[in-house]
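Summary of structural features
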Amino acid sequence: MKKGQVYEAAVERVDFPNRGVARTEEGPVIVKNSLPGQKIKLSIHKVRNGKAEGRLMEVLEKSPLEGDAPCSHFGICGGCAYLSLPYEEQLRLKGEQVKRLLDSCLGRQGAWQWDGIKGSPAVLEYRNKMEFSFGDEVKDGPLALGMHRRGSFYDVVTVGGCRIVDGDYRLILRQALDYFASGPVKISYYHRLRHEGYLRHLVVRKAARTGEILAALVTSSQVPSGVEERKLEEGFSDCLLRLEREGKLKGHFAGILHITNDSLADVVRSDRTEVLYGRDYFYEELLNLRFKISIFSFFQTNTRGAEVLYGMVRTYVDELEDGARGKLVFDLYSGTGTIAQLMASTARKVVGVEIVEEAVEAAARNARENGLDNCTFIAGDVLKVLDSLEEKPDLIVLDPPRDGIHPKALPKILSYGVERIVYISCKPTSLVRDLETFLDGGYIVERAAAVDQFPWTANVETICLLRRRS
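Notes on the structure follow. (Residues numbered from 1 in each chain as written. Predicted model: local features only at pLDDT ≥ 70, side-chain atom pairs only at ≥ 80, totals over all residues. Heavy atoms only, no water.)

**Structural notes on helix α1 (residues 87-106)**
For α1, with 20 residues, the first-to-last C-alpha span of 28 Å sits near the 28 Å given by 1.5 Å per residue. Of all the positions in α1, only Tyr 87, Gln 90, Leu 91, Leu 93, Lys 94, Gly 95, Gln 97, Val 98, Leu 101, Leu 102, Cys 105 and Leu 106 are classed as buried. In this structure, the buried side of α1 is in contact with β1 (6-15), β6 (113-118), α9 (428-440), β21 (443-451) and β22 (461-468). (Helix = DSSP H or I, 4+ residues; strand = E, 2+ residues; numbered from the N terminus. Expected span 1.5 Å × (residues − 1). Buried < 20%, exposed > 50% of the residue type's maximum accessible area, 1.4 Å probe, protein only. Contact = heavy atoms within 4.5 Å.)

This is how it looks when you write it as structure tokens:
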């Protein structure tokens, strides 16, 4: 195969993450955004070490598994990968992907228990946070607000009909876009290549239990000429509150914020945050615990799905001898302390370690509000903090970021020699890489399960229970 060659091929399967395997006469080709059973036209764009990757040019024949997607943006927006599949087929697909990866790693250890994949209680309108980007759909086109176009870093698709969020998100998106697009002065979006412009993102969070909403306009400090920023802020806040006054929202605003961000990277962060209305947080409830959530708090984006995920974690721990009762538990990469607080109801003590200081402060505050006095949260890199901890844990829970555990932290975790470890992963390829080290260090995987926290996307959570060999 050579770069630029065009083939027609049938897609045999999809590996994580969203990597279709298409069979040609010359051999297999990896093609993103394809589905099993499709007949496709592809163009080779990379050949390395005998492995080929291609770009999807056209779907010649749909998969027999496909139906009509419930969203008009599917295939254009880069968010959802499996929206044309029935949910049961998507679950089966993700479960097979995770099981195949685990099999490739665990074959050398012997038998282990696969507990399958657990579905999300809500498959549409399940997300409790969205970061919409300002931009244009085509070069020099009208202002857009939404998600990046599939395969593009610059083009933005206005996703006014997005189905993974509820109607309040769609109304807020349209109201904000109309406000900035129809004013007397043109408000430019922030160009990611030139680092010029004003409008960057619109972040919306909504509490699944209380219906409270936080909305944050994220801009650069480059205020357009002829624009008085204070009046622009007041107009933005008022146009959103009008939705509530007119009874169009199912929820209600806890706060409306303006965040100034001059980072060159295309990320949402705050150099300065101003509260335009209300407050900068709301409360959410999860498994009978109460959490204070800010616009930047780490919190699972599928509240009801998170209850399934954490319920599985609690099941794995509770089925151990004595569970967490009377034990010292280390919750490494603890975020805002959700898992730590679940363990705290029976554990002697829980120590959470998290590198994001705001998350640590939130975790400590949430534990106090939930009446838990046996939780300690430490701000710092797990790699360094473990050197300063003198106590030896009885149980370790790991929930690292997508890239997994730092290679230098793994030996420190292994050195504790605890009997059981629970590993939660949002990226199974990183999980499998780390499991190789655990296997070499004397552990085996007793059981594992997947949880679909992100219906219609290529992402999936995995839980493994590890046991130290005798």
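We are not done yet, so read on.
**Considerations on the nonpolar core**
Counting residues in each nonpolar core, the largest one holds 48 residues, and the members touching the most others are Tyr 310, Val 329, Met 343, Val 350, Val 422, Ile 424 and Ile 463. Excluding residues within four positions of it along the chain, Ile 424 makes contact with Leu 309, Val 313, Ile 339, Val 397, Leu 398, Asp 399, Pro 400, Glu 461, Thr 462 and Ile 463. In terms of nonpolar packing, the next biggest core, distinct from the first, is built from 44 residues, Cys 71, Phe 134, Leu 177 and Phe 236 among them. (Core = buried A, V, L, I, M, F, W, Y, C linked by side-chain atoms within 4.5 Å.)

**Overview of unusual backbone geometry**
Residues Phe 16 and Pro 17 are joined by a peptide bond in cis, for which omega reads -5°. Following the sequence through the fold, Pro 17 ends up in the loop between β1 and β2 (19-24). Phi is positive for His 195, which is not a glycine, with a value near 60°. If you trace the backbone, His 195 turns up in the loop between α2 (167-181) and β10 (199-206).

**Considering the packing of aromatic side chains**
Centre-to-centre distance and the angle between the planes together describe a pair of aromatic rings. Following the criterion strictly, the structure yields 11 aromatic pairs and no others. Seen from their ring centres, Phe 153 and Tyr 154 are 5.0 Å apart, and the 80° between their planes marks the pair as edge-to-face. We classify Tyr 154 as partly exposed; its relative accessible area is 36%. An aromatic cluster is present here, built from Phe 134, Tyr 179, Phe 180 and Phe 236 joined pairwise through their rings. Positioned above the aromatic ring of Phe 74, the side-chain terminus of Arg 150 is 5.7 Å from the ring centre. (Phe/Tyr/Trp six-rings, centres within 6.5 Å; stacked < 30°, edge-to-face > 60°. Lys NZ or Arg CZ within 6 Å of the ring centre and 35° of its normal.)

**A word on the packing of α2 against helix α3 (residues 229-245)**
The interhelical angle for the contact between α2 and α3, taken along N-to-C directions, is 145°, at an axis separation of 10 Å. Here α2 and α3 pass one another in a crossing that is right-handed. Here α2 contributes Leu 171, Ile 172, Gln 175, Ala 176, Tyr 179 and Phe 180 to the contact with α3, which in turn contributes Lys 231, Leu 232, Gly 235, Phe 236, Cys 239, Leu 240, Arg 242 and Leu 243. (Axes fitted to C-alpha atoms, helices over the stretch in contact; angles between N-to-C directions. Left-handed = near helix turned anticlockwise from the far one by under 90°.)

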